[in-house]
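Structural characterization, general
Here's the letter readout for the chains.
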Amino acid sequence: MATELEGLLRPKVSDAPPYPAKFMQLANGETMVVRSVERDEIPLLLEYVQPLIKVERDFYDIVAARVFAELLGQYVHRIQDQYVLIGQIDGELATIVNGRTLSPGIGVSLHTIALRRGLRIGAHAFAAKMEYHMDYLNHEEVMIVAESPIGFRRFLVEYNLEKRPQVIHELGGVPSYALTRETFEKARGTLVVGRRPVPKDLLDKAKAEILPPSDPPVMAQDLLAASRSVYDSTGSAFRGQRSKQEGRAK
Ligand SMILES: CC(C)(COP(=O)(O)OP(=O)(O)OC[C@H]1O[C@@H](n2cnc3c(N)ncnc32)[C@H](O)[C@@H]1OP(=O)(O)O)[C@@H](O)C(=O)NCCC(=O)NCCS
C-alpha cells in the first residue's frame, strides 16, 4: 500500500540528455569545473546551502531557502524533471544552478546562487544552464525571473531578455521574462564560456568530493552595508541603531 502510494506521489521523470561537464578560467586565474550532480551528492549540497538561509544580504536568504527546498525535492523525488549543475574550484563548491523542463520545448530557470563572490561565478553558471536548456534539452524558450537586483542585472539586463507578462512563473507567481533561442545565440559568443572535454585529472578531482565553500557569503558586519533595506529605503533606522550601539545616541 505504502509503495503504491509512493508511486502516485513520485513524479515520473522524463529522459533527459546529460550535461557534458566543462571547465573555464576565472578572472583570478583559478579554474572552475561545471558539471551535473548525482542524487547521492545532494545531501552535501543541502549542508552547504543551509547556512545561507540566514544570510540576510543580497537576497541570499530567500534564494537559499528555495534552493534548499528544490534540492530536497530532488532527493526525495518530489519535483518534476529538474536538473542541478554545480561549479567547483579545486573541488570546492562555488555555485549551484537549477531549472527544469516545463513542457516540450519550454524550460524554466529556477535558481542561480554563487558561494564565492566577485568573480562572475554565478554569471558563468547561469550561462551554463542556458546552454543546457538550448543545446541539450533543445528548449525553444526558457522562462526566467529575478529575485534580486544583482540577479536582475546579471541575467535580465545582460541577456536583454524579453518580457512575457502573460506567463506566470512558478517561482513566486510573478510575470516571466524569456530567453529565446535568438537571444541566446546573440549572447553565446560573449557570455557563454568554457571548454570540453574536461581534463581527466580535473574532472576526477571535482567528482571525488564536493568540498565546502571556503569563503561563503555572510551577513554584513554593518547592516547599512547590506544592499537591501526592505523596510527603510533611507537607511535611517539602521543609522540610528548604529549610533546607539556606538554610544553616540540614546
Ligand atoms: C546573483 C548572483 C548569482 C551573481 O553572481 P556573480 O555573477 O558571481 O556575481 P559577483 O559575485 O561576481 O558580483 C555580483 C555583485 O556582487 C557585488 N560583490 C562582488 N563581490 C562582493 C563581495 N565580496 N561582497 C559583497 N558584494 C560583492 C558586486 O556589487 C557585484 O556587482 P556588479 O554586478 O556590479 O559586478 C550572486 O550575487 C548570488 O548568488 N546572489 C544571491 C542569490 C541571487 O540573487 N540569485 C539570483 C536570483 S535572480
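From a predicted model like this one, the values you see are computed outputs, not experimental measurements. (Residues numbered from 1 in each chain as written. Predicted model: local features only at pLDDT ≥ 70, side-chain atom pairs only at ≥ 80, totals over all residues.)

1. Quick notes on the pairing of strand 2 (residues 31–36)
The pairing of strand 1 (residues 22–25) with strand 2 spans 4 bridges and is classified as antiparallel. Of the residues in strand 2, the one forming a bridge with glutamine 25 is threonine 31. Where strand 1 folds back on strand 2, the antiparallel hairpin that results is connected by 5 residues, among which glycine 29 adopts a positive phi of roughly 95°. Here strand 2 pairs with strand 3 (residues 82–89) via 5 bridges, running antiparallel. (Pairing = 2+ DSSP bridges. Helix = DSSP H or I, 4+ residues; strand = E, 2+ residues; numbered from the N terminus.)

2. Describing the domain arrangement of the protein chain
Each assigned domain of the protein chain is listed with its residue range as follows: domain 1 (18–219) and domain 2 (223–250). Taking only C-alpha atoms, the centre of domain 1 and the centre of domain 2 are 33 Å apart. (Domains from an automatic or database assignment.)

3. Notes on the site of the ligand
Around the ligand sit 21 residues in total, of which Gly118, Gly122, Ala123, Ser148 and Gly151 are the nearest. Counting residues per element, the ones that place at least two in the shell around the ligand are helix 3 (60–75), strand 5 (106–114), helix 4 (121–136) and helix 5 (149–157). Counting residues per element, the shell around the ligand draws most heavily on helix 5, which supplies 4 residues. Residue composition of the shell around the ligand, grouped by class: 10 nonpolar, 5 polar and 6 charged. (Near = placed C-beta within 6 Å. Nonpolar A, V, L, I, M, F, W, Y, C, P; charged D, E, K, R; others polar.)

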